Structures are given as C-alpha cells and as structure tokens.
Amino acid sequence: TIRFLDPPLHEFVPHEEKDIELLAKSQGKTVQQVKDIIASLQEFNPMMGHRGCRLAVTYPEIAAMQTRAVMQAAINVQKKHADWNVVPEIMIPLVGEVKELKYVKDVVVKTADEVIAKNGLSKEEVPYHVGTMIEIPRAALTADEIAKEAEFFSFGTNDLTQMTFGFSRDDAGKFIKDYTDKKIYLNDPFQRFDIEGTGKLVEIAVNKGKSTR
C-alpha cells in the first residue's frame, strides 16, 4: 500500500540560497521567481491546509507522476520475480468528499492504464487498487458514498483524532498534560486511541463503507 503525497508542499521546497539557485536554473526561472513561489506555499495551519488529495486537485501532475512511479516499479518487480503476486494499492489521503476522490482517482486510473499499455501488458496482468485514508470526520460520516469510488479504506487516526478533538497534534503537547493531570482526559488521545469519540467515527465509517462495498 502506497500513500500518495500527504504533507504540504512547503515541506519539500528548498530554503538554502544555493539550492534555490540550482532549482531556478533547472526550471528556467529567476531566483526571485522561485522565492516568490516558495513564499506562496507557506500556510498558517498547514496540517489542515493545502495537502493530501487537495494538492492533487490543484496539481494533478503530482498524482500522475506518483502513479507512473508506482506502476512502473510494480511492473519491474513482477518481471524480475515471476512467482510473486504484485498488486499495488494506491491510497489517496485526506479525502472528505467523494467527488474529490473521484477526481484524483480518474487521474490515477488514466495514468496507470497508460503505463500498463506502454509496457505491452493488460490490466489483468497488472492488477491495482485505488482507495483512501479516512482521516477527516466528514469522510467517516459519508463513507457509504466514498466507498463507491474507494476500493479499500485505511484509517489515519492521528489526523482523525486531531480533527475530532479540535487539537493540533503539533501543539497539543503544550497543554495536554494539564488535562491528564486533572483527569479531564485519562490519557493523551494521541498516545492512546480515543475509543469513545474518535472510535465511533471509525465504527460509522466501517459500517457505512461495508454497506456499499
């Protein structure tokens, strides 16, 4: 199972001057143009910002690039190991709406089928699945719709926990001990899964998903 690009793009851009200069040269842009692009990718709350499937909606070429890499790798491994059964599972992260998943899935399927055909193979010879990671409460509540497009679910409980509690998992450590010390929460919900709250969303998603697929 391969999870497609999840973190926001600002985590991948260069910040050292020499790296920016190299990138500008390779892309035929000025250093200032690259710096402006880097600045535009900064976000106030990146963990709930432009990341996951949202990047593939804005930049479908990212999903296409990742799909080409996954499918060609699968084909190469299958050719090298004829006795292995290679079935890539491509997981689209941070989905909250079925149309969002369909948009990205369409890019993935089109690209995957092109790679398979380019290698002179059939879809039956190179099977693959496209699914999603349930990590947004809305996805859990509409899992029956999402399952119309998703061939499998995974659960991203870190993100699902932070969005259910309204905590930032990057910042909650500053105050969560006050809650556990005062027995408001018996455990840090990022250390021990919250069965009573977040767990109900997982249960809903499982039941709704199975009702469709």
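All values derive from a computational prediction rather than experimental measurement.

A. Looking closely at the overall build of the chain. Scanning the chain from terminus to terminus reveals 10 helices and four strands. Considered along the principal axes of its C-alpha atoms, the chain spans approximately 60 × 50 × 30 Å. Here the analysis covers contacts within the chain between residues at least 6 apart in sequence; of these, 66% occur between residues at least 24 apart. Summing over all exposed atoms, the chain offers an accessible surface of approximately 12300 Å²; the carbon and sulfur share of this is 54%. Taking the average location of the 28 positive side-chain charges in the chain and that of its 32 negative ones, the two points are 1 Å from each other.

B. Representation of the environment of L22 in the model. Tracing the sequence through the fold places L22 in helix α1 (residues 17-27). In the structure, L22 is positioned 159 residues away from D181 in sequence and 51 Å away in space, judged by C-alpha atoms.

C. Structural detail: the pairing of strand β3 (residues 129-134). For β3, the buried fraction is high: five of the six residues fall into the buried class. Summarising the sheet, strand β2 (residues 89-92) and β3 pair through four bridges and their orientation is parallel. Considered in β3, the bridge of I92 is made with T132. Where the polypeptide runs from β2 across helix α5 (residues 98-118) and back to β3, its parallel neighbour, the crossover connection is right-handed. With three bridges joining them, β3 and strand β4 (residues 153-155) adopt parallel strand pairing. Residue T132 lies in a different strand from β4, and its bridge partner there is F153.

D. View of the sheet that holds β3. Spatially, four strands are ordered β1-β2-β3-β4 in an open sheet, and the strand pairing comes out parallel. In this open sheet, the two edge strands, each paired with only one partner strand, are β1 (2-3) and β4.

Rules used in this analysis
- Residues numbered from 1 in each chain as written.
- Predicted model: local features only at pLDDT ≥ 70, side-chain atom pairs only at ≥ 80, totals over all residues.
- Heavy atoms only, no water.
- Helix = DSSP H or I, 4+ residues; strand = E, 2+ residues; numbered from the N terminus.
- Contact = heavy atoms within 4.5 Å.
- Areas by Shrake-Rupley, 256 points an atom, 1.4 Å probe, with all protein chains shown as cover.
- Lys, Arg positive; Asp, Glu negative; His and termini not counted.
- Charge placed at Lys NZ, Arg CZ, Asp CG, Glu CD.
- Buried < 20%, exposed > 50% of the residue type's maximum accessible area, 1.4 Å probe, protein only.
- Pairing = 2+ DSSP bridges.
- Right-handed = clockwise from strand over helix to strand, strands pointing away.

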